[in-house]
Amino acid sequence: MAHILVVEDNVELAAGLRHNLELEGYTVDVAHDGAAGLSRAERVRPDLIVLDLMLPGVDGFQVLERLRAAGHVAPVLILSARGDEADKVRGFRLDADQYVTKPFRLLELLERVKALLRRAQARPALQESSGSIRFGDVTVDTASQTTMRGGEVVPLTPKAYQLLCALVRRHGAVATRQELLREVWRHRALVPTRTVDSHIAELRRKLEADPASPRHFITVWKVGYRFEP
């Protein structure tokens, strides 16, 4: 059964989450601050992380950013009393998978956890006959999901990698922002379309020779984007 890490400084809430998740059959670890959450994530490599934002010391945004920078691809469900759109946008730009505001309905939260785990387990890696994708000086190993440019490893956030794959799969066809949101972010209504733009900017910054004049990740005015190998 899946292993879940709960990073929550409210001891009673954390205990309640742990109890209910364990009733669902999950193995659950709990950390009560950001530093402990990072240490526990590195040690147990959880299948899913439930993350509060207002944590003592290292806050939830910093935790998420450091997790992704370290290559952790497990789904992250932010669970926070901060419900402003700016906080949600920041969370998704840092590669959160879900954002649930407190107070929350327990059954809905449990269903979101199940859905995230199900998608993570079923998510197919992009398969090419050669096992790799090449364009310019970039090589993507689809087996290990490793991206290299000029022989050097380029760290991509999980969502940026999925976005790259979604564009490549279309073989030059245009993808609208809404199509990419449905495919990569699983049609979550509260994910703003500019989230796609910020991840395209990441791909250009890391994989284009000149991000200001992209050759591979092309904007189609008023429509969306297409990939040009």
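Residues numbered from 1 in each chain as written. Predicted model: local features only at pLDDT ≥ 70, side-chain atom pairs only at ≥ 80, totals over all residues. Heavy atoms only, no water.

Draft legend 1. Geometry of the sheet that holds strand β10 (residues 175-176). A sheet is described by the order of its strands in space; here three strands give the open sequence β10-β12-β11, paired in antiparallel fashion. Across the chains shown, the open sheet's two edge strands, defined by having one partner strand only, are β10 and β11 (217-220). Summarising the sheet, β11 and strand β12 (residues 224-227) pair through four bridges and their orientation is antiparallel. Pairing of Val-220 across the sheet is with Gly-224, part of β12. Each of β10, β11 and β12 touches helix α6 (residues 158-168); the most contacted strand, β12, lies at about 75° to it. (Pairing = 2+ DSSP bridges. Helix = DSSP H or I, 4+ residues; strand = E, 2+ residues; numbered from the N terminus. Contact = heavy atoms within 4.5 Å. Axes fitted to C-alpha atoms, helices over the stretch in contact; angles between N-to-C directions.)

Draft legend 2. How the structure looks around the nonpolar core. Phe-135, Leu-164, Leu-167, Leu-180, Leu-203, Leu-207 and Phe-217 are the most contacted members of the largest nonpolar core, which has 26 residues in total. Those residues in contact with Leu-203 that sit more than four places away from it in its chain are Leu-156, Ala-160, Leu-163, Leu-164, Glu-208 and Phe-217. (Core = buried A, V, L, I, M, F, W, Y, C linked by side-chain atoms within 4.5 Å. Buried < 20%, exposed > 50% of the residue type's maximum accessible area, 1.4 Å probe, protein only.)

Draft legend 3. Inspection of the environment of Leu-167 at higher detail. The topology assignment puts Leu-167 in helix α6. Once residues lying within four places of it in the same chain are set aside, the contact partners of Leu-167 are Ala-175, Leu-180, Ile-200, Phe-217, Tyr-225, Arg-226 and Phe-227.

Draft legend 4. Summary view of the sheet that holds strand β1 (residues 3-7). The sheet built from five strands is open, its strands ordered β2-β1-β3-β4-β5 with parallel pairing. The sheet is open, and its two edges are formed by β2 (27-31) and β5 (98-101), each paired on a single side. Across the sheet, the mean angle from the axis of one strand to that of its neighbour is 20°, orientation sign disregarded. Where helix α3 (residues 60-69) meets the sheet, its contacts fall on β3 (48-51) and β4 (76-80), and the angle it forms with β3 comes to roughly 160°.

Draft legend 5. Layout of the packing of helix α2 (residues 34-44) against α3. At a minimum axis distance of 9 Å, the contact between α2 and α3 shows a crossing angle of 25°. For the element pair α2 / α3, the angle class is roughly parallel. Relative to α3, α2 is oriented so that their crossing is right-handed. Contacts from Gly-34, Leu-38 and Ala-41 of α2 reach α3 at Val-63, Arg-66 and Leu-67. Here the contact of α2 with α3 is composed, by residue class, of four nonpolar, one polar and one charged. (Parallel < 35°, antiparallel > 145°, perpendicular 65-115°, else oblique. Left-handed = near helix turned anticlockwise from the far one by under 90°. Nonpolar A, V, L, I, M, F, W, Y, C, P; charged D, E, K, R; others polar.)

Draft legend 6. Looking closely at the side chain of Asp-97. Tracing the chain through its elements places Asp-97 in the loop between α4 (85-93) and β5. We classify Asp-97 as buried; its relative accessible area is 5%. A distance of 3.1 Å separates a polar atom in the side chain of Asp-97 from a polar atom in the side chain of Arg-68. (Polar contact = N/O pair within 3.5 Å; in protein donor to acceptor, adjacent residues only side chain to side chain.)

Draft legend 7. Quick peek at the confidence of the model for the chain. Counting all residues, the mean pLDDT for the chain is 87, and 93% of those residues have values of 70 or more. At the low end of the mean pLDDT range in the chain sits strand β6 (residues 132-135), at 83; at the high end sits β1, at 97. The low-confidence segment residues 124-129, where pLDDT is below 50, has 10 contacts with residues more than four positions distant or belonging to other chains. (pLDDT = per-residue confidence, 0-100.)

Draft legend 8. Structural context of helix α8 (residues 194-207). Across its 14 residues, α8 extends 20 Å between first and last C-alpha, which sits within 8% of the 20 Å expected from 1.5 Å per residue. Along α8, the positions that sit buried rather than exposed are Thr-195, Val-196, His-199, Ile-200, Glu-202, Leu-203, Arg-204 and Leu-207. (Expected span 1.5 Å × (residues − 1).)

Draft legend 9. Representation of the packing of aromatic side chains within the structure. A full pass over the atoms with the stated rule returns three aromatic pairs. Between the aromatic rings of Phe-135 and Phe-217, the centroid separation amounts to 6.0 Å while the plane-to-plane angle is 85°, which identifies the pairing as edge-to-face. Placement of the pair is Phe-135 in strand β6 and Phe-217 in strand β11, with a sequence separation of 82 residues. Phe-217 carries the same exposure label as Phe-135, and that label is buried. Ring centres of Phe-217 and Phe-227 lie 5.7 Å apart, and the angle between their planes is 55°; on these two criteria the pair is classed as tilted. With a gap of 10 residues between them, Phe-217 in strand β11 and Phe-227 in strand β12 connect regions that are remote in the sequence. The class for Phe-217 is buried, based on a relative accessible area of 0%. For Phe-227, a relative accessible area of 4% gives the class buried. Among the aromatic residues, those joined into a cluster by ring pairs are Phe-135, Phe-217 and Phe-227. Note that Arg-90 overlies the ring of Phe-61, its terminal NZ or CZ placed 4.0 Å from the centroid. (Phe/Tyr/Trp six-rings, centres within 6.5 Å; stacked < 30°, edge-to-face > 60°. Lys NZ or Arg CZ within 6 Å of the ring centre and 35° of its normal.)

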